[in-house]
Amino acid sequence: MSSTPSTPVAPARYNFRETEAKWQKAWEERQTFHARMDKARPKYYVLEMFPYPSGRIHMGHVRNYTQGDVIARYKRARGFNVLHPMGWDAFGLPAENAAMEKKVHPKKWTYENIAAMKKQLKSMGLSLDWSREIATCDPTYYRHQQKMFLDFWKAGLAYRKEAWVNWDPVDNTVLANEQVIEGKGWRTGAPVERRKLTQWNLKITHFADELLERLDTLDRWPEKVRLMQANWIGKSRGARVFWQLTDASGAAPSGKDWGKLEIFTTRPDTLYGASFAALSPEHPIVAELAETDPGLQHFVAECRKTGTAAAEVETAEKIGYKLPLLAKHPLMPGKTMPVYAANFVLMEYGTGAIFGCPGHDERDHEFATKYGLPIIPVVMPEDADAKSFSVANEPFVEDGVIINSDFLDGLTVEDAKIKVIERLEEMGVGKGTTQYRLRDWLVSRQRYWGCPIPAIHCEKCGVVPVPEKDLPVELPEDVTFDRPGNPLDRHPTWKHVACPTCGGAARRETDTFDTFIDSSWYFDRFTSPKFATAPFDREENHYWMPVDQYIGGVEHAILHLLYSRFWTRAMRDVQMTSRDEPFDGLFTQGMVCHETYRAADGSWLLPEEVERLDGGKVVRASDKSPVEVGRSEKMSKSKKNVVDPDQIIHDYGADTARWFMLSDSPPERDLEWTEAGVTGAWRFQQRLFRIASEAVAELPAAGTPKPASFSDAATALRRAAHKTIAGVSADIEAFHFNKAVARLYELASTIDGLKSKDAADKWAKREALEIFVRLTGPMTPHLAEELWQALGHKSLLADSPWPLAEDALLVDDTVTVAVQLNGKLRGTLQLAKDAPKEEAEKAALALPELARGLDGKTPKRVIVVPNRIVNVVA
RNA sequence: GCCCCCGUGGCGGAAUUGGUAGACGCGCCUGACUCAAAAUCAGGUUUCCUCACGGAAGUGUUGGUUCGAGUCCGACCGGGGGCACCA
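Predicted, not measured: the structure shown is a model, and the values here were computed from it.

Cut-off values and rules
- Residues numbered from 1 in each chain as written.
- Chains lettered and ligands numbered in written order.
- Predicted model: local features only at pLDDT ≥ 70, side-chain atom pairs only at ≥ 80, totals over all residues.
- Heavy atoms only, no water.
- Near = heavy atom within 4 Å.
- Polar contact = N/O pair within 3.5 Å; in protein donor to acceptor, adjacent residues only side chain to side chain.
- Helix = DSSP H or I, 4+ residues; strand = E, 2+ residues; numbered from the N terminus.
- Pairing = 2+ DSSP bridges.
- Axes fitted to C-alpha atoms, helices over the stretch in contact; angles between N-to-C directions.
- Expected span 1.5 Å × (residues − 1).
- Buried < 20%, exposed > 50% of the residue type's maximum accessible area, 1.4 Å probe, protein only.
- Contact = heavy atoms within 4.5 Å.
- UniProt positions renumbered as here; feature names shortened; annotations may be inferred.
- Phe/Tyr/Trp six-rings, centres within 6.5 Å; stacked < 30°, edge-to-face > 60°.
- 1 Å grid on protein atoms, 1.4 Å probe; cavity = no way out; pocket = protein on both sides within 12 Å on 5 of 7 lines; lining within 4 Å.
- Points joined across faces, edges and corners; volume = space filled by probe spheres on them.
- Nonpolar A, V, L, I, M, F, W, Y, C, P; charged D, E, K, R; others polar.
- Domains from an automatic or database assignment.
- Core = buried A, V, L, I, M, F, W, Y, C linked by side-chain atoms within 4.5 Å.
- Buried area = accessible area lost by both parts, 1.4 Å probe.
- Salt bridge = Lys/Arg side-chain N within 4 Å of Asp/Glu carboxyl O.
- Patch = residues over 30% accessible without salt bridge, like charges linked within 9 Å, V, L, I, M, F, W, Y side chains within 5 Å.
- Areas by Shrake-Rupley, 256 points an atom, 1.4 Å probe, with all protein chains shown as cover.
- Lys, Arg positive; Asp, Glu negative; His and termini not counted.
- Charge placed at Lys NZ, Arg CZ, Asp CG, Glu CD.

**Re the protein's contact with RNA strand B**
Now for step 1: Taken together, 48 residues are adjacent to RNA strand B, and Thr266, Lys318, Arg683, Lys739 and Asn871 come closest.
Now for step 2: Counting only the atoms of RNA strand B that lie within 4 Å of the protein, the sugar and phosphate share comes to 57%.
Now for step 3: A distance of 2.4 Å separates a base oxygen of RNA strand B from a polar atom in the side chain of lysine 318.
Now for step 4: The contact in question runs from a sugar or linking oxygen of RNA strand B to an N or O atom on the side chain of glutamate 746, over 3.4 Å.
Now for step 5: Residue contributions to the surface near RNA strand B peak at 5 residues, all from helix H21 (residues 737-753).

See the structure below:
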C-alpha cells in the first residue's frame, strides 16, 4: 500500500501516516487528554482492563481500547470531565520464565516490554492520560498494597491457615480456587496437585452474602457476568444437624470427645430417609481413627491419589471405608446407622460430613447400592401411591410429597424443610443455616516477581507484621534463576531480619502476593497515581470513583471482577473509602478471531504466509503448496492465526484498524478478522477523504448564517444528518458501535448524493459534513481531526462539543404506512404524521392493491396502528 | 448432570422490542472510465414462478397465542458458554 504525500491544494489521497502522527503530536503537546479534578463538572471514568506487558499488543487489545476510546471521546464531547488512564499489570510469571530462558532480569524484561507496548498503544491515537501511567511492579505502587494488607490483617480479613491447597507443578506455586479450571492451572493447564500447606488467605467469604446480594443492583453489568458470579458464590440454604456418635456397643467412643458429628444438608426434609453417614477422608475424626487403623490409613492415601481433574472425578468410583462407629439419628430414637469415610465427601464444603439419603440423591444411591444399605423412599410424586412407590432402582430427586417421615408426612418438600428445621432447633440437635460454595482467597505465591508479603516469622513471637515505617518491603534485585523454585527463598541475605517485636533473629515471608491483588485496586490508584502517603488521595478518589464504564474480556467474569469487588469492601471496612462497588458499568467485549491455516506437513501457518488464488483456493505463498483452511478461532500464537496490529497500523493506519474493529460485529460478540474487511474499512477512509475534499472547495465559509429556506433535497439531507446525530448518540450510549457505523455509511452516501444547486444547498452540505466529521471523531479521530481542519476550523475537534440535533428535523411530516390484508403486505401508503385512524382506514381501503386482494369481499375488521400499519381482516 | 445464551441471504449482521424481514458492510453480477488491468464511479443482488407486470414462499424444526410472530409460549434439533462428587 503506497501513499503519496498530500498537498493542501489538491489532495488526491489521504496520507494517513503523516496525518496520524501530526494529530497525535498535537494532542500530546496540548495535553488534550490530561484529566484534572473539577468539581464544577460531571466526571466520567472510562477504563479498559490494563494489559500485562507481554511485549507486544495484540488484536484483542486493539479492540478493547478502541471501544473504550470511543466512549471516552464521546463523553468528553458531551461535556464530561473524562478520566481515561492506562497502566501495566506488571508482575507475573512470564517475566520469571523469560529470566530463566533468556537470562534477562524480570525487571529489565518488564520495563522494556512496557516501553515497546506503550509506543504501540500511542500509535493507535487513544485519548489516554499518560501522565497517570502506573506499573504494579513499582515499589511506589506496591508499598500501598502492603500497607492495605497490614490493615486487613489487623481487621481480621487476612489470616494464615493450614489447608489442602492446589499446587501447580509447572509454575511451582499454589493457586486460588478460582484459578483452577477443570482441575488444571489457569495459566499452565497442568493438572493441579493437592498439598497441605500453611498459606495466607483473604476472607472473601466474610462478604459472601453481600457480594451476592449487591449483584442485583449492578444493573449496568451484563446479566451473564452477574449470573456467573452468583453461581460461583453458590449460596444454598439448609441445616446443620448433629448426630451422636457411639462405638459399636452403643457407648460413647472411649476417651474421645467427638460427642456429636455435625453435618450440613440442603435436604433436611429427607432426614427420615437417611441410611448412612459419610465423612471426608480429610475429616479430623478420620485422621484420628487412622492413627490406629492401617486399613484406614491406606484408604485415605488412596483417596488422595485421585486427582481433581474433571475427567478423573467423573469416572472415579464411589468408595467408602466403614468406620468403627455408629451415628444416632437425631429424630428417630433408637435408630443408628453406619458411618463411612468416603472419597466423594469434600472437606472444604459444609462440615466435611454428610448423611446419605439414597432414595433421593443419585450419588448416595450409587453408594448405598454398592454397600447394600437400605433405600427408603421419603418423597414421592403427588399422584403416586405411598405403598407401592419405590426408589430401589432409581432415586426420586424431584419435588413431591413427604412420606414415611412421621410428623412431616403429607407436606411438600418446601414446607417440610421449614418444619423439620423448627423441630431440630427445638430439640437442640440442629439449626437452619446458609452455606456458600465460595472459599477464602488464597493469596500466597511461591514466586519472585510479585509483591512481597510484609510479614516476618519469629520463633518466639510467631508471625508478626512488618512495621509500617519499614514499608515497602522491596524485592531484592540480585537474584538468580538458574534453578526452579523461589529465588527469594534461597537469597543469601534478604530473608534474614530482626524481629520487630523482640529484636531476635527472624526471617521474612518469602512468598509474594497473587498478582490478582495488584489488579484489585489499580483503578483506585489511577485517581491520584503519584500520591505518596496513602494508596490514593481521598478527595480525588471520591471525585473520580467509581469507574463509570469498565471494559474488558469476559474471562475475568469471576477472577478479577470478584476480587476487585472484595478488595473494595475490605478497604471500606478499614475506613479507607465509603464505597461498596468499584465498577458502575461493565461491558465485556468479544474475542478477535481468525481462520487457521495448516500446511501439508501439519504445521500451522501465519495468515501472511498464505495466498488466496482466484478460484478461492488457498495455497502457501512460498511454494504454492495446498493449505488446509480451518475454522475461525480466537487469535493465538500456538495456532499462528494472528495478525500483528503494528503491521496493520503501518499498512492501513490506526483509523482503519479502529473503524474495522467497530464495524459489522456487535462489540460483545466475537469478531472475525478478515483481510477483505480491513481493505473495505480502508477504502471508506479514502472515500470519505475524497468526498470531503471535493466538497470543501464549493462550500460556504464556516460560520455562514443559516439560510431562510431550503430545497427539498437540502431538507432531506438535513433531516438525514440530524437523525444520524440522534441515532449515533443512542448507539454509542448502548454500545451498538456497529449500528453507529452503518448509520455513518448511510449519511456519507446521502451527503455525496446531494448535487448542490444553490447557496442553501451548499450550506446544508457543509452542515451535514460537519455533523458527519464530528460523529466520526470518537471512532476515527485522526481523519476526523484532519477534515475538521480542512473545513476551516482552528480549534481541535477533540475539544469541540458533540453536535446537537434539531428536534424539528427528527420528525417527518409524512410517514409510510404498511397496508396488510389478513396480515399480509399488500401495499404502502404515504400519510400525514399522526393522521386520524379514520383517515388511515379510508386511504387504505381505497388502495387498488388492497381492492384486488379483497376480491369483492367486505372487510370484517380493520386494525389501525397510527403511523405504522393498517391491517384489513376479511 | 445442572444453569445460561444463541440459531435471520453466499458471509458479518440490521429490524424502533408484537407492526413493511434482510438496513449497513463484505462478496458476487452488470455497466461506465481504460488499449488493457488495477483503482474509482453508477446500478443490481433472499429463494422460486414470470420476458415483464406481478405473484408465492421465507428468520433451525414443529405446534400454539394473536388481526398480525424473527420477536411471546410449549416441545424438539443444532451451536456456544459457565458450574460440576457442593451434600
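**A short note on the sheet that holds strand S24 (residues 505-508)**
Now for step 1: Spatially, the 4 strands line up as an open sheet ordered S22-S21-S24-S23, and their pairing is antiparallel. Looking along the sheet, the strands with just one partner apiece sit at the ends: strand S22 (462-465) and strand S23 (496-498). For this sheet, the mean angle separating the axes of adjacent strands, direction not counted, is 40°.
Now for step 2: Inspection of the sheet shows S23 paired to S24 by 3 bridges, in the antiparallel sense. Each residue of the ladder has a partner; that of valine 497, found in S24, is alanine 506.

**A short note on H21**
Now for step 1: Between the first and last C-alpha of H21 there are 24 Å, a value that for 17 residues agrees with the 24 Å anticipated at 1.5 Å per step.
Now for step 2: Among all positions in H21, only Phe737, Asn738, Ala740, Val741, Leu744, Leu747, Ala748 and Ile751 are buried.
Now for step 3: On its buried side, H21 packs onto helix H2 (59-77), helix H18 (654-662), helix H19 (675-696), helix H20 (712-733) and helix H22 (759-776).

**Observations concerning the UniProt feature "domain: Methionyl/Leucyl tRNA synthetase" (unreviewed entry) in chain A**
Now for step 1: Within this structure's numbering, the places UniProt gives as "domain: Methionyl/Leucyl tRNA synthetase" (unreviewed entry) are residues 46-180.
Now for step 2: Between the end C-alpha atoms of residues 46-180 there is a gap of 30 Å, over a span that is 46% helix and 24% strand.

**Details of the packing of aromatic side chains**
Now for step 1: Tallied over the entire structure, the rule returns 44 aromatic pairs.
Now for step 2: Considering the side-chain rings of phenylalanine 276 and tyrosine 340, the 6.3 Å spacing of their centres and the 90° angle between planes classify their relative orientation as edge-to-face. One end of the pair, phenylalanine 276, is in strand S12 (residues 276-279); the other, tyrosine 340, is in strand S14 (residues 336-342), with 64 residues separating them in the sequence. As far as the burial class goes, phenylalanine 276 and tyrosine 340 line up, both buried.
Now for step 3: Ring geometry for tryptophan 441 versus tyrosine 563: centroids 3.8 Å apart, planes at 5°, classification stacked. Taken as a pair, tryptophan 441 in strand S19 (residues 441-442) and tyrosine 563 in helix H16 (residues 559-573) lie far apart in primary sequence, 122 residues in all.

**A closer look at empty space enclosed by the protein**
Now for step 1: For the coordinates displayed, the defined rule picks out 4 cavities of 30 Å³ or more.
Now for step 2: Looking at the largest cavity, its volume works out to about 140 Å³.
Now for step 3: Sorting elements by how many residues they give to the lining of the largest cavity places H2 first, with 3 residues.
Now for step 4: Broken down by class, the residue content of the lining of the largest cavity amounts to 9 nonpolar, 2 polar and 4 charged.
Now for step 5: For the lining of the largest cavity, the two domains that each supply at least three residues are domain 1 (41-157 + 203-233 + 515-591) and domain 5 (667-809).
Now for step 6: In this structure, the second largest cavity occupies an estimated 40 Å³ of space.

**A short note on the environment of glycine 185**
Now for step 1: Note on placement: glycine 185 falls in strand S8 (residues 184-185).
Now for step 2: Residue classification places glycine 185 among the buried residues on the basis of a relative accessible area of 5%.
Now for step 3: Along the chain, glycine 185 and asparagine 166 lie 19 residues apart, while their C-alpha atoms are 8.6 Å from each other.
Now for step 4: The residues touching glycine 185, leaving out its near neighbours within four places in the chain, are Asp168, Leu175, Gln179, Ala190 and Val192.

**Quick word on the nonpolar core**
Now for step 1: Formed by 165 residues in total, the largest nonpolar core has its most connected members in Trp441, Tyr522, Trp567 and Trp673.
Now for step 2: If one sorts the elements of this core by residue count, H19 sits on top with 9 residues.
Now for step 3: Core analysis: the second largest hydrophobic core is formed by 45 residues, Tyr272, Ala290, Phe389 and Val420 among them.

**A short note on the UniProt feature "binding site: ATP" (unreviewed entry) in chain A**
Now for step 1: Under the UniProt annotation, the feature "binding site: ATP" (unreviewed entry) is placed at Lys637.
Now for step 2: For lysine 637, a relative accessible area of 75% corresponds to the exposed category.

**Notes on the sheet that holds strand S2 (residues 81-83)**
Now for step 1: The parallel open sheet is built from 4 strands, whose spatial order is S2-S1-S26-S27. With one partner strand each, in any of the chains shown, S2 and strand S27 (586-589) form the two edges of the open sheet. Here the strands of the sheet are splayed against their neighbours by 20° on average, with no regard to which way each runs.
Now for step 2: Pairing between strand S26 (residues 549-553) and S27: 4 bridges, direction parallel. Within the sheet, the bridge partner assigned to isoleucine 551 lies in S27 and is phenylalanine 587.

**Some thoughts on the domain arrangement of chain A**
Now for step 1: Its domain assignment divides chain A into domain 1 (41-157 + 203-233 + 515-591), domain 2 (158-202), domain 3 (235-436), domain 4 (593-654), domain 5 (667-809) and domain 6 (814-873).
Now for step 2: Distance from the C-alpha centre of domain 1 to the C-alpha centre of domain 4: 34 Å.
Now for step 3: Across the contact, 9 residues belong to domain 1 and 10 residues belong to domain 4.
Now for step 4: A buried area of about 810 Å², summed over both sides, lies between domain 1 and domain 4, and 66% of it is on carbon and sulfur atoms.
Now for step 5: Of all residues in domain 1, the largest losses of buried area upon contact with domain 4 belong to Met59, Ser123 and Met591, amounting jointly to 59% of the total for that side.
Now for step 6: Inspection of the region where domain 1 meets domain 4 yields 2 salt bridges.
Now for step 7: Note that arginine 56 is salt-bridged to aspartate 644, the shortest N-O span being 3.2 Å.
Now for step 8: Between domain 1 and domain 4 we count 3 residue pairs in polar contact (both at pLDDT 80 or more) in total.
Now for step 9: Residues of the side of domain 1 that touches domain 4, tallied by class, amount to 5 nonpolar, 3 polar and 1 charged.

**Things to note about the side chain of serine 756**
Now for step 1: Looking at the secondary structure, you find serine 756 in the loop between H21 and H22.
Now for step 2: A distance of 3.3 Å separates polar atoms of two side chains, one belonging to serine 756 and the other to glutamate 698.
Now for step 3: Those residues in contact with serine 756, other than ones at most four positions away along the chain, are Glu698, Asp761, Lys762 and Lys765.

**Focus on a negative patch on the surface**
Now for step 1: On the surface, Glu382, Asp383, Glu398 and Asp399 cluster together into a patch of negative charge.
Now for step 2: Locating aspartate 383 in the fold gives a position in the loop between strand S16 (379-380) and strand S17 (401-402).
Now for step 3: Classification of aspartate 383 as exposed rests on a relative accessible area of 73%.

**Notes on the packing of H18 against helix H23 (residues 781-790)**
Now for step 1: Contact pair H18 / H23: the axes reach a minimum separation of 7 Å and the direction vectors enclose 120°. Contacts between H18 and H23 involve Ala654, Asp655 and Arg658 from the first element and Pro781, His782 and Leu783 from the second.
Now for step 2: By residue class, the composition of the contact of H18 with H23 is 3 nonpolar, 1 polar and 2 charged.

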